[in-house]
Number of protein chains: 2
Amino acid sequence: MEAALALARQAAQAGEVPVGAIIVRDGKVIGQGFNRPLTGLDPTAHAEIIAMREAAQNIGSDRLTGCDLWVTLEPCAMCAGAIAHARIARLYYAASDPKGGAVEHGPRLFEQDTIHHRPEIYAGICEREARDLLRGFFQERRA
Amino acid sequence: MEAALALARQAAQAGEVPVGAIIVRDGKVIGQGFNRPLTGLDPTAHAEIIAMREAAQNIGSDRLTGCDLWVTLEPCAMCAGAIAHARIARLYYAASDPKGGAVEHGPRLFEQDTIHHRPEIYAGICEREARDLLRGFFQERRA
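Residues numbered from 1 in each chain as written. Chains lettered and ligands numbered in written order. Predicted model: local features only at pLDDT ≥ 70, side-chain atom pairs only at ≥ 80, totals over all residues. Heavy atoms only, no water.

Asks: Which residues make up the relation of the copies chain A and chain B, and what values do they have?
Replies: Taken as rigid bodies, chain A and chain B are interconverted by a rotation of 180° and an axial shift of 0.0 Å, the fit giving an RMSD of 0.0 Å. In short, the pair behaves as if placed about a two-fold rotation axis. For chain A, the smallest separation between a C-alpha atom and the rotation axis is recorded for A:M78, amounting to 1.9 Å. When you check the interface residues of chain A against chain B, 100% turn up at the interface there too, and the contact is symmetric in its surfaces. (Least-squares fit on C-alpha atoms with pLDDT ≥ 70 in both. Contact = heavy atoms within 4.5 Å.)

Put into structure tokens, the structure is as follows:
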């Protein structure tokens with residue numbers, strides 16, 4: 001999660017909401033990303049999406065079977081849907097997101113009957129560090 | 001919707017589930033895509049995502065305010081989430097998708113309290129043509 005937090009800090013430096021993500025397979029990082037919809041001119045450019053796309057290119061398959069996703073914020077509906085499509089094995093996230101999260105909030109996507117894949121889910125890892133990073137970012141922008 | 005159906009046929013020719021999408025602003029097509037996760041090695045490469053990414057690059061913004069999305073199948077949770085992020089004004093879709101759809105099925109994303117944007121939604125346009133295309137594709141693969 002420290003690697004994902006480092007990526008989140010890169011997002012903040014670029015003026016983007018600080019969220020970072022990595023994909024790990026067999027102990028090796030095969031994809032990484034930080035949130036960049038504004039600088040990338042791309043509404044889908046969340047950290048998780050970028051990391052999953054990179055990992056899929058690296059392993060030569062649209063399915064990331066056996067891969068772990070580490071991300072600093074609870075995934076939104078778009079990212080949770082992509083996680084299901086990619087067949088991510090284990091999802092680890094730091095801060096929960098009552099406003100935009102879709103795992104333990106809102107649509108609770110992995111609890112839906114129609115979801116075609118559910119990863120193992122581990123929440124709250126380095127939660128305080130991720131939350132402080134987000135709070136600091138928004139406080140600075142309001143100042 | 002005819003343009004989106006033509007894109008869906010391109011997907012089928014490539015061996016991908018036939019779904020096509022276009023983005024229209026002021027009567028002009030500014031983005032298009034067809035479903036290609038397998039050939040693109042990309043779990044996020046649904047028609048809508050590709051079309052929205054292209055449109056955002058074309059207009060130089062991650063927000064597709066005032067834009068219409070025409071797609072041949074009811075969007076899934078990933079795509080519906082992206083539609084909300086992109087601030088799509090109007091969503092037109094053809095066939096409904098009881099298994100994977102997230103607009104009128106499953107999480108019904110745009111009816112969630114936490115959704116930050118709801119487009120106007122028009123369903124069932126050229127429904128039979130889109131459904132026949134999907135059915136034909138799956139029947140051929142099972143044969």
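From this point on, the discussion continues.
Asks: I'd like a rundown of unusual backbone geometry, residues and numbers included.
Replies: All names here are of chain A. Although it is not a glycine, D26 sits at a positive phi angle of roughly 50°. Along the chain, D26 falls in the loop between β1 (20–25) and β2 (28–34). Taking relative accessible area as the criterion, D26 reaches 75% and is therefore assigned exposed. (Helix = DSSP H or I, 4+ residues; strand = E, 2+ residues; numbered from the N terminus. Buried < 20%, exposed > 50% of the residue type's maximum accessible area, 1.4 Å probe, protein only.)

Asks: A description of the interface of chain A and chain B should follow, citing residues and the corresponding values.
Replies: Chain A puts 29 residues into the contact, and the matching count from chain B is 30 residues. Joining chain A to chain B, the criterion identifies 2 salt bridges. Of the charged contacts, one joins B:D42 and A:R53 as a salt bridge, the two residues approaching to 2.8 Å between their closest N and O atoms. Across the contact surface, chain A and chain B share 6 residue pairs in polar contact (both at pLDDT 80 or more). When contributions to the side of chain A that touches chain B are tallied by element, the ones reaching two or more residues are α2 (37–40), α3 (47–59) and α4 (77–86) of chain A. Top contributing element to the side of chain A that touches chain B by residue count: α4(A), with 6 residues. Of the residues assigned to the side of chain A that touches chain B, the class counts are 14 nonpolar, 11 polar and 4 charged. (Salt bridge = Lys/Arg side-chain N within 4 Å of Asp/Glu carboxyl O. Polar contact = N/O pair within 3.5 Å; in protein donor to acceptor, adjacent residues only side chain to side chain. Nonpolar A, V, L, I, M, F, W, Y, C, P; charged D, E, K, R; others polar.)

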